[in-house]
Amino acid sequence: MRTAVTIFLTDETIAPVRLARELEARGFAGLYLPEHTHIPVERTTPYPAGGDLPREYGRTLDPFVALGQAAAVTEGLGLGTGITLVAQHDPIDLAKQIATLDHLSGGRLTLGVGFGWNVEEAADHGVRWRSRRELTRDRMALMRALWADEPTAYEGEFGSVRASSAYPKPVQKPRGPVAGPRTLVGGAAGPKLFAHITEYADGWMPIGGRGLTESLPVLRSVWADAGRDPAALQVVPYAVFPSPGKLAHYAELGVEEVVVQLPPAGETEVLGALDAYAEYL
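Residues numbered from 1 in each chain as written. Predicted model: local features only at pLDDT ≥ 70, side-chain atom pairs only at ≥ 80, totals over all residues. Heavy atoms only, no water.

### Details of the pattern of salt bridges
Consideration 1: Within the structure shown, the criterion is met by 12 salt bridges.
Consideration 2: Of the charged contacts, one joins Arg2 and Glu257 as a salt bridge, the two residues approaching to 3.1 Å between their closest N and O atoms. Taken as a pair, Arg2 in strand E1 (residues 2-6) and Glu257 in strand E11 (residues 257-261) lie far apart in primary sequence, 255 residues in all.
Consideration 3: By relative accessible area, which is 5% here, Glu257 ends up buried.
Consideration 4: Linking Glu257 and Arg182 is a salt bridge whose minimum nitrogen-to-oxygen distance equals 2.8 Å. (Salt bridge = Lys/Arg side-chain N within 4 Å of Asp/Glu carboxyl O. Helix = DSSP H or I, 4+ residues; strand = E, 2+ residues; numbered from the N terminus. Buried < 20%, exposed > 50% of the residue type's maximum accessible area, 1.4 Å probe, protein only.)

Next comes the structure, spelled out in structure tokens:
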């Protein structure tokens, strides 16, 4: 099983270049970064994990800029977003960012797609909360049009683009209904999420990896009913605090990659955590 990491990189933590070099030298599979453009101070949305919102949420680095630095100093380290809040981006600009990073890294990008939890953050981007999933779906379709080999127009419920010359293209070629870099959708198990996964993604990025024994058979059934290749489905548990038993359970379920959580800290603490995780490589 491949072991990648995720971390809230901020202006107070270990730097992307230092971390990326250490990860590749130690044999980790990849680096996944979360995204929050800002955290409104006055908000009513509770922190999903309970209690006060941790300091790092309001200090995150832009994941595409940080991953660009990581790409420049590594050769084979996987690069991922965990997750990109697609609804909070202009899709034409986002398609260019994604394709550029994937092109410059030689096809190493995994696009984690999510719908968010912070109502106030989304509202500042003009996102209507109840329609954020369909907005994300629409923007993914628009980006696929820009990534197509031939100029392709798209007219959707929330946006459109003319048939255009748009380069660079993502390295990975279209597979079934999916285009662009490897795409994983994050979120809690359920019919709506699984419909999104089967429509425009390569698989699922469940946070923490709980409940996979019950939910994976359901996803596999939905996936097969949609005509997708059963062997192509990828499930990558995300932000995991690992243990030998937990990883053995994932392996039994057919999981081939796990993303473990690093502390949002400076070099000494982060490198110590990497030393502790070395037993899982």
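### Observations concerning unusual backbone geometry
Consideration 1: A cis amide bond, omega 5 degrees, links Gly82 with the succeeding residue Ile83.
Consideration 2: Relative to the helices and strands, Ile83 resides in the loop between strand E3 (78-81) and strand E4 (84-85).
Consideration 3: Cis geometry marks the peptide bond from Tyr167 to Pro168; its omega dihedral reads 0 degrees.
Consideration 4: Even without being a glycine, Ala239 presents a positive backbone phi close to 60 degrees.
Consideration 5: Here Ala239 is to be found in the loop between strand E10 (234-235) and helix H8 (244-252).
Consideration 6: Exposure remark for Ala239: the relative accessible area of 18% places this residue in the buried category.

### What to know about the packing of aromatic side chains
Consideration 1: Following the criterion strictly, the structure yields seven aromatic pairs and no others.
Consideration 2: Taken together, a centroid distance of 6.1 Å and an interplanar angle of 70 degrees make the contact between Tyr32 and Tyr238 edge-to-face. Here Tyr32, found in strand E2 (residues 30-33), pairs with Tyr238, found in the loop between E10 and H8; they are 206 residues apart in sequence, far enough to count as distant. With respect to class, Tyr32 is no different from Tyr238; both count as buried.
Consideration 3: Between Tyr277 and Tyr280 the ring centres are 6.4 Å apart and the planes differ by 50 degrees, which places this aromatic pair in the tilted class. Here Tyr277 and Tyr280 have matching classes, each one buried.
Consideration 4: Here the aromatic residues Phe8, Tyr47, Tyr57 and Trp117 are joined through ring pairs into a cluster of three or more.
Consideration 5: A cation over a ring is seen here: Arg132 above Trp129, with NZ or CZ 3.8 Å from the ring centre.
Consideration 6: The ring of Tyr167 has Lys169 sitting right over it, with the charged end atom 4.8 Å from the ring centre. (Phe/Tyr/Trp six-rings, centres within 6.5 Å; stacked < 30°, edge-to-face > 60°. Lys NZ or Arg CZ within 6 Å of the ring centre and 35° of its normal.)

### Focus on the UniProt feature "domain: Luciferase-like" (unreviewed entry) in the protein chain
Consideration 1: Sequence positions flagged by UniProt for "domain: Luciferase-like" (unreviewed entry) are, in local numbering, residues 17-239.
Consideration 2: Helix makes up 36% of residues 17-239 and strand 13%, and the two end C-alpha atoms of the span are 21 Å apart. (UniProt positions renumbered as here; feature names shortened; annotations may be inferred.)

### Regarding the environment of Glu150
Consideration 1: Tracing the backbone shows Glu150 in the loop between helix H5 (132-147) and strand E6 (154-155).
Consideration 2: Distance from Glu150 to Glu134, taken between C-alpha atoms, is 26 Å for residues 16 residues apart in sequence.

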